[in-house]
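Fold and contact review
As a plain string of letters, each chain reads:
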Amino acid sequence: MPHFPSMPDDALVKDIYPFKPALFRDWCKVEEAIMRGPSAFSPGEREMMGAYCSRLNDCTYCYSSHSETAILFGIDPPVFEALMEGVDTAPIDEKLKPVFRYLKVLTLEPYKITQTLANAVFDAGWSEDALQEAILVCCAYAFMNRLVDGHGLPSDPTLFKARAKRHFEEGYVAQYATETTD
């Protein structure tokens, strides 16, 4: 049950947005740009990154929704548990492993980010733009994880596939955009 009495028991992110419609309309545009805009990473890889960061943050709501979205984009389901067991042994492209190691530190211990971690990403063939894109995914999910957990959104597994389908088909702006103003 959400922490806000005005929200329905089965509240979703869309039930948070009406509190500050103009702010969240802008946020959806930022999120759309991060998750679906031009990038060195595919939408599926970015969804996998978001799900991974959410799992590290123990945000079941975002992890479940975005791992399902990543699967719709072609990410193999066993990847998610394997990433949690260890990036080095996860069945992902070797080139992605330093990116996921970077994301883990940035998510759990951001004060421990070092040039060595960044250099490992660059040495794997990624550009500065690509690293920034991965950082932006991590930032977006840090925000969303705290938004949904702070509001106490329920993590009903029956809703994850439906949310994932909407993220896959509609992106971020279309499903949450509203014409209302503050």
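Anything mentioned here points back to the structure above.
We now turn to the structure provided with this report. (Residues numbered from 1 in each chain as written. Predicted model: local features only at pLDDT ≥ 70, side-chain atom pairs only at ≥ 80, totals over all residues. Heavy atoms only, no water.)

1. Side note on the side chain of E47
Mapped onto the elements of the fold, E47 is located in helix α2 (residues 43–56). Polar contacts involving the side chain of E47 include one to the side chain of R36, which spans 2.8 Å. (Helix = DSSP H or I, 4+ residues; strand = E, 2+ residues; numbered from the N terminus. Polar contact = N/O pair within 3.5 Å; in protein donor to acceptor, adjacent residues only side chain to side chain.)

2. Comments concerning the packing of aromatic side chains
Going through the model one piece at a time under the given rule, you end up with seven aromatic pairs. Pairing W27 with F143 gives two aromatic rings, centres 4.4 Å apart and planes at 45°, and the pair type is tilted. On the criterion of sequence distance, the pair formed by W27 in helix α1 (residues 21–36) and F143 in helix α7 (residues 128–151) is long-range, its members being 116 residues apart. Measuring from centroid to centroid gives 5.3 Å for Y52 and F100, while their planes differ by 70°, and the two rings are edge-to-face. Here the residue Y52 occupies a position in helix α2, and F100 occupies one in helix α5 (residues 97–108), the gap between them amounting to 48 residues. Classification of Y52 as buried rests on a relative accessible area of 3%. When the ring centre of Y63 is taken as origin, the NZ or CZ atom of R55, which lies over that ring, is 5.0 Å away. (Phe/Tyr/Trp six-rings, centres within 6.5 Å; stacked < 30°, edge-to-face > 60°. Buried < 20%, exposed > 50% of the residue type's maximum accessible area, 1.4 Å probe, protein only. Lys NZ or Arg CZ within 6 Å of the ring centre and 35° of its normal.)

3. Thoughts on the packing of α2 against α7
The N-to-C vectors of α2 and α7 enclose an angle of 45°; their axes lie 9 Å apart at closest approach. The angle between α2 and α7 places the two elements in the oblique class. Taken as a pair, α2 and α7 cross one another with a handedness that is right-handed. Facing R46, E47, M49, G50, C53 and S54 of α2, the residues of α7 in contact are A134, V137, C138, Y141 and N145. Among the residues forming the contact of α2 with α7, the class breakdown is six nonpolar, three polar and two charged. (Axes fitted to C-alpha atoms, helices over the stretch in contact; angles between N-to-C directions. Parallel < 35°, antiparallel > 145°, perpendicular 65-115°, else oblique. Left-handed = near helix turned anticlockwise from the far one by under 90°. Contact = heavy atoms within 4.5 Å. Nonpolar A, V, L, I, M, F, W, Y, C, P; charged D, E, K, R; others polar.)

4. Topic: helix α6 (residues 115–123)
For α6, the set of buried residues is L117, A118 and V121. Here the buried residues of α6 occupy an arc of 100° about the axis, which is enough to place them on one side. Away from the buried face of α6 by more than 90 degrees, exposed residues Q115, T116 and D123 are located. Of the surrounding elements, those touching the buried residues of α6 are α5 and α7. Looking one or two places after α6, you find G125, whose phi comes out positive at around 105°. (Arc of directions from axis to C-beta.)

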